[in-house]
Amino acid sequence: MGDLFLVRHGETEWSRSGRHTGLTDVPLTEHGRDQARSLVPLIRSHRIGAAFVSPFQRARETAELIGLHDVRVDPDLHEWDYGGYEGITTVEIHREQPDWFLFSDGVEPGPPEHPGESPEQVGERADRVLARVEAAFANTEGCVVLVAHGHFLRVLTARHLGLPPSHGALFQLGTGTLCRLGTEHARPVIAAWNVRPPS
């Protein structure tokens, strides 16, 4: 398997303020657009065999701004469904539940249109994406790029490494950053993480 590049979308108003942004389709800020554009040299230096993007505009615009073409929208790349915690910050949640931790506790149920997901359910989506990535590597040359969301990509990284979804907590991931997952001695590794071009 070749290199798998992960791109977290650029900044949004909600990510800047720490609000949980799952299924709410918020746009990039101008700073978020600048973050995406700054990744162009890092992307251009690699041969892209396939690219997949979340259906939400913050990810799709990021993919466009970094110069990806023939990008396939993958519904499984959407962010964690935060259910009843959508739009709420961790600070606000801790006022009611001081020990709450997303990666182990999941979320409070939300309305029928976004009921919320457990860490295990997010892990199942990540496994489906990784199966499609593996198929893409088998049918193309070059690396594969995923443009998606912070918490989801952290869980996907854990699953790529053979770890449970809760171990996504170990991988802090900033907006507008690039990560590279590769192999060493036929074993999956993190080759680069949270990369931004030098300012």
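Draft legend 1. Looking closely at helix 2 (residues 30–38). When we look at burial in helix 2, the residues that qualify are Gly32, Arg33, Gln35 and Ala36. All buried residues of helix 2 fall inside an arc of 155° around its axis, so they share one side. On its buried face, helix 2 sits against helix 3 (40–44) and helix 4 (57–65).

Draft legend 2. Molecular detail of the side chain of His114. The residue His114 is located in the loop between helix 6 (102–105) and helix 7 (119–139) in this model. In this structure His114 touches Leu23, Asp81, Gly83 and Glu86, once residues within four positions along its chain are discounted.

Draft legend 3. Inspection of the sheet that holds strand 3 (residues 71–73) at higher detail. Overall, mixed pairing links the six strands, which are arranged 3-2-4-1-5-6 in an open sheet. In the strand order of this sheet, the two ends are held by strand 3 and strand 6 (187–195), each with one partner. With direction set aside, neighbouring strand axes in the sheet form an average angle of 20°. Alignment of strand 2 (residues 48–53) against strand 3, held across three bridges, turns out to be parallel. Directly across from Val53, in strand 3, lies its bridge partner Val73. Contacting strand 1 (4–8), strand 2 and strand 4 (143–148), helix 7 crosses the sheet at an angle of about 150° to strand 4. Sitting on the sheet, helix 8 (residues 150–160) is in contact with strand 1, strand 4, strand 5 (178–184) and strand 6, with an inclination near 160° to strand 1.

Draft legend 4. Inspection of the packing of aromatic side chains at higher detail. By the definition in use, this model includes four aromatic pairs. Seen in terms of ring centroids, Phe101 and Phe103 are 5.9 Å apart; in terms of plane orientation they differ by 50°. Their pairing is tilted. When its relative accessible area of 41% is taken as the criterion, Phe101 is described as partly exposed. Judged by its relative accessible area of 3%, Phe103 is buried. Centroid distance Phe171 to Trp193: 5.7 Å. Interplanar angle 55°. Geometry classified as tilted.

Draft legend 5. How the structure looks around the packing of helix 7 against helix 8. Axis separation between helix 7 and helix 8 bottoms out at 9 Å; the angle between their running directions is 70°. In terms of their interaxial angle, helix 7 and helix 8 are classed as roughly perpendicular. In this structure, the crossing between helix 7 and helix 8 has a hand that is right-handed. Packed against helix 7, whose contacting residues are Val122, Gly123, Arg125, Ala126, Asp127, Val129 and Leu130, the element helix 8 presents Phe152, Val155, Leu156, Arg159 and His160 at the interface. For the contact of helix 7 with helix 8, the class distribution of residues is seven nonpolar, two polar and three charged.

Cut-offs applied
- Residues numbered from 1 in each chain as written.
- Predicted model: local features only at pLDDT ≥ 70, side-chain atom pairs only at ≥ 80, totals over all residues.
- Heavy atoms only, no water.
- Buried < 20%, exposed > 50% of the residue type's maximum accessible area, 1.4 Å probe, protein only.
- Helix = DSSP H or I, 4+ residues; strand = E, 2+ residues; numbered from the N terminus.
- Arc of directions from axis to C-beta.
- Contact = heavy atoms within 4.5 Å.
- Pairing = 2+ DSSP bridges.
- Axes fitted to C-alpha atoms, helices over the stretch in contact; angles between N-to-C directions.
- Phe/Tyr/Trp six-rings, centres within 6.5 Å; stacked < 30°, edge-to-face > 60°.
- Parallel < 35°, antiparallel > 145°, perpendicular 65-115°, else oblique.
- Left-handed = near helix turned anticlockwise from the far one by under 90°.
- Nonpolar A, V, L, I, M, F, W, Y, C, P; charged D, E, K, R; others polar.

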